[in-house]
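Inside the fold
The lines below spell out each chain.
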Amino acid sequence: MAEVILKNVSKRFGGTQALDDVSMNIPDGSFVVLLGPTGAGKTTTLRMVSGLDVPDSGDVSIGGHSMKGLTPAQRNVAMVFQQYSLYPHLTVRENLAFPLKSPLLKTSPSEIERKIKEVSEVLQISHKLDNKATALSGGEMQRVSIGRALVRNPAIYLMDEPLSSLDAKLRADLRIELKRIQANSGATLLYVTHDQIEAMTMATHVGVLDSGKVVQFGSPRDIYENPVSIYAASRLGQPRINVLPADLFQGAPAKAVSIGLRPEQIVQGKGDDSIVTRVEHLGDQTRLHLSIKNHDLITVTDAHTELRTGDIVKIQPHKPFYFGADGARLA
Amino acid sequence: MAQIMIKNVRKDFGSFNAVKSSTFTIEDGEFFMLLGPSGCGKTTTLRMMAGLELPTSGEIYIDGEEVGQKPASQRDIAFVFQMFALYPHMNVGKNISYPLLSQGMPKAAVKKKVSEVAEILGITDILNKPVGGLSGGDRQRVALGRAIVRDPKAFFMDEPLGALDAEFREHMSQELRALHDRMKATTVYVTHDQLEAMQMGDKIVVMNHGVVEQFGVPQQIYDWPATKFVAKFIGSPSMNFLDFNGMVGIGSSSVNMHGVEFKIPRSREGAKGQLTLGVRPEHIHFSDTSKYRGRAIASEYLGTTQIVTIATPNGVIKARIPSGQKVEVEETIGLEFDARTVTIFEGERNRALISEANEGVLKHG
């Protein structure tokens, strides 16, 4: 495994600036998740590291070596795409063995067998090893394509939304497994998703991308508890952070334009009156839709709350975030 | 708008039985969710209500009138397919008026009706705009406008938000629900997403393998599932199942699992053999004094809370605890379950035993 460094990487596609001076250190053994909406530059960043695309300017290095001019094959990276791509004429076992049979690696047959067994158990596909790859469900095919990356020992694993096609239960299982494999093996992983749960639960570091720029890079807890901007704060947290005019409540600093309130930053029972506009029982918690001075916000309350639409709830900010006119964090 | 009653409805496709004897009632003005995994029969049920499929047996009442064997055109309902399918060459107003003009309604009446609908949906100011440049939210409003302009008895929607990414979907579902609250139109909505169902629905029917597993108010279904399937399908992470061999007597208020006595809501039924104790992740608490112990396998940070995966003598479970609470992987943890919330399931039939806590929900479910 190796450290991966992107230095001032820029990339244009026609009129679109896909990446704008991106610099990022992916430490050896880290699990870095790139987070952002469609078009933020997540997948392009991944393709820069893999060699499927080359930067217009700037440099990518893996393990201290510049990757300039090197093809994907020469970079020793393992990729998993959103859309699985298996060898249809081979069985699951043969698909998994394929990367190890490369003459460069000289893996012994018993070692190959051991690896396949290990990986297929983790991914819950051991019972399908002798099936043709095409005789699997979509979820199983995706697990095989993840498995095909995991049997190798590359400098870095690159994964582009590998879990998004799986059902909720399997996704939850594989989140834990991927994290466990990564933590135990010390593998370096660069992972693209727009699912904030995946980012929060698996990442050692999250890179928040906005229109081709890295706007924040830090641990999930950092980004959740100490976001640099409204944009970064809105990436993590369910329900989403409420952003309201700063002067709605007392105590805003001079230059503050907006106040950011996560549910835990809203104290219920004291402060100003708000009216309940909707009560959503989600089972483990209840979401309260409130309106205060004609501004809407959403917070969370006890699952079995007695509150109903039309009730008055007093609310008060508690250690809120303040943002300036450009959306940058002030306090 | 109307009440819809489904009575013993069954549908066979050749030798395949898609829906087995479904019975439930959708009240006037309700936002009603048909929830289940793919292949459970939810879409078939909706299509039978709409008249796109005819039931093999059973009755469907819309507003008291039996319509089971009538074609869709005679049922006066609006089926909203893909939300954003609009006529691209027409402006917003023309898109909305089209269904009325094609019915032969006089121009003046159409105009009045369209402006009424536009008012409700808050799109009066974009009536003359082409649909091409509209935001997703406006497109949804226009698509809905085209459906309500006919004053149908009910709206039927089949996973209308399925193709959207998470952020946009959340926004659209809120908007859709707000529109419903304003229009009070009876709406039947098919989804496989339990959170969407909980969030938007007044009532939910949970289906599996063509069978209605449970029918009721979202929070009650979450708290008191009738079957293991419902317990597993609703909630994320889902309800934990601790399997054990033991017994519960009529009137018992505890069970013995792995040599430890656990308090449960007083049981109204007796059972023995393979049983399952069901407990939600947020009802598991860590306690140094508990004799029931597990080993932490993983902890997942989620902002306010964290999910801790724990290996216990009766299987792997997940607990939801505040993220400030320290948990080390491999640490041994004493576990307590909130006794008022526990459900006991019978092993063989996967059915919840009736207790003093869930009888109110399950007796008329």
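Parameters at a glance
Residues numbered from 1 in each chain as written. Chains lettered and ligands numbered in written order. Predicted model: local features only at pLDDT ≥ 70, side-chain atom pairs only at ≥ 80, totals over all residues. Contact = placed C-beta atoms within 7 Å. Helix = DSSP H or I, 4+ residues; strand = E, 2+ residues; numbered from the N terminus. Nonpolar A, V, L, I, M, F, W, Y, C, P; charged D, E, K, R; others polar. Core = buried A, V, L, I, M, F, W, Y, C linked by C-beta atoms within 7 Å. Buried ≥ 20, exposed ≤ 12 C-beta atoms within 10 Å, placed from the backbone. pLDDT = per-residue confidence, 0-100. Axes fitted to C-alpha atoms, helices over the stretch in contact; angles between N-to-C directions. Parallel < 35°, antiparallel > 145°, perpendicular 65-115°, else oblique. Left-handed = near helix turned anticlockwise from the far one by under 90°.

A word on the interface of chain A and chain B
- With 22 residues of chain A at the contact, the number on the chain B side is 23 residues.
- Put simply, the parts of the chain that give the side of chain A that touches chain B at least two residues each are α5 (168-185), α6 (196-202), α7 (220-225) and β13 (266-281) of chain A.
- At four residues, the largest contribution of residues to the side of chain A that touches chain B is made by α5 of chain A.
- Class assignment for the residues of the side of chain A that touches chain B results in ten nonpolar, six polar and six charged.

Re the nonpolar core
- The biggest cluster of nonpolar side chains holds 98 residues, and the ones touching the most others in it are F156, V205 and I344 of chain B.
- The next biggest cluster of nonpolar side chains, apart from the first, holds 82 residues, and it includes V92, L190, A199 and V206 of chain A.

Looking at the confidence of the model for chain B
Residue and element names in this part refer to chain B.
- Residues of chain B with pLDDT of at least 70 account for 98%, and the chain-wide mean is 91.
- Ranking the elements of chain B by mean pLDDT puts helix α5 (residues 166-183) last with 82 and strand β19 (residues 332-337) first with 97.
- Model confidence for the complex is summarised by a pTM of 0.84, with the ipTM given as 0.78.

Quick word on the environment of Q142 of chain A
All names here are of chain A.
- For Q142, the position within the fold is in helix α4 (residues 138-150).
- For the pair formed by Q142 and I156, sequence separation is 14 residues and the distance between their alpha carbons is 19 Å.
- Setting aside residues up to four positions removed in sequence, Q142 forms contacts with Y84, P162, S165 and L166.

Describing unusual backbone geometry
- The residue after Q238 of chain A, namely P239 of chain A, is reached through a cis peptide bond having omega -5°.
- Mapped onto the secondary structure, P239 of chain A falls in the loop between α8 (230-235) and β11 (242-245).
- Here the amide bond leading from S236 of chain B into P237 of chain B is cis, since omega sits at -10°, within 30 degrees of zero.
- Here P237 of chain B shows up in the loop between α8 (228-233) and β11 (240-248).
- In this structure, N76 of chain A takes a positive phi of about 55° despite not being glycine.
- In this fold, N76 of chain A is placed in the loop between β5 (65-66) and β6 (77-80).
- Positioned with a positive phi, K319 of chain A is a non-glycine residue whose angle comes to about 45°.
- Note on placement: K319 of chain A falls in the loop between β16 (312-317) and β17 (321-323).

Overview of the packing of helix α3 (residues 107-121) of chain B against helix α4 (residues 136-148) of chain B
All names here are of chain B.
- Where α3 contacts α4, the axes come no closer than 10 Å and their chain directions differ by 135°. By the angle between their directions, the pair α3 and α4 is classed as oblique. The crossing of α3 and α4 is right-handed. Residues V117, A118 and L121 of α3 form the contact with α4, whose own contacting residues are R141, L144, G145 and I148.
- Along the lines of polarity and charge, the residues of the contact of α3 with α4 split into five nonpolar, one polar and one charged.

Section: the packing of helix α2 (residues 92-102) of chain B against α4 of chain B
All names here are of chain B.
- Viewed as axis vectors pointing N to C, α2 and α4 meet at an angle of 25°, and their least axial separation amounts to 7 Å. Judged by the angle between their axes, α2 and α4 are roughly parallel. Relative to α4, the crossing made by α2 is right-handed. Contact with α2, carried on its side by V92, N95, I96, Y98 and P99, involves V142, G145 and R146 of α4 and no other residues of that element.

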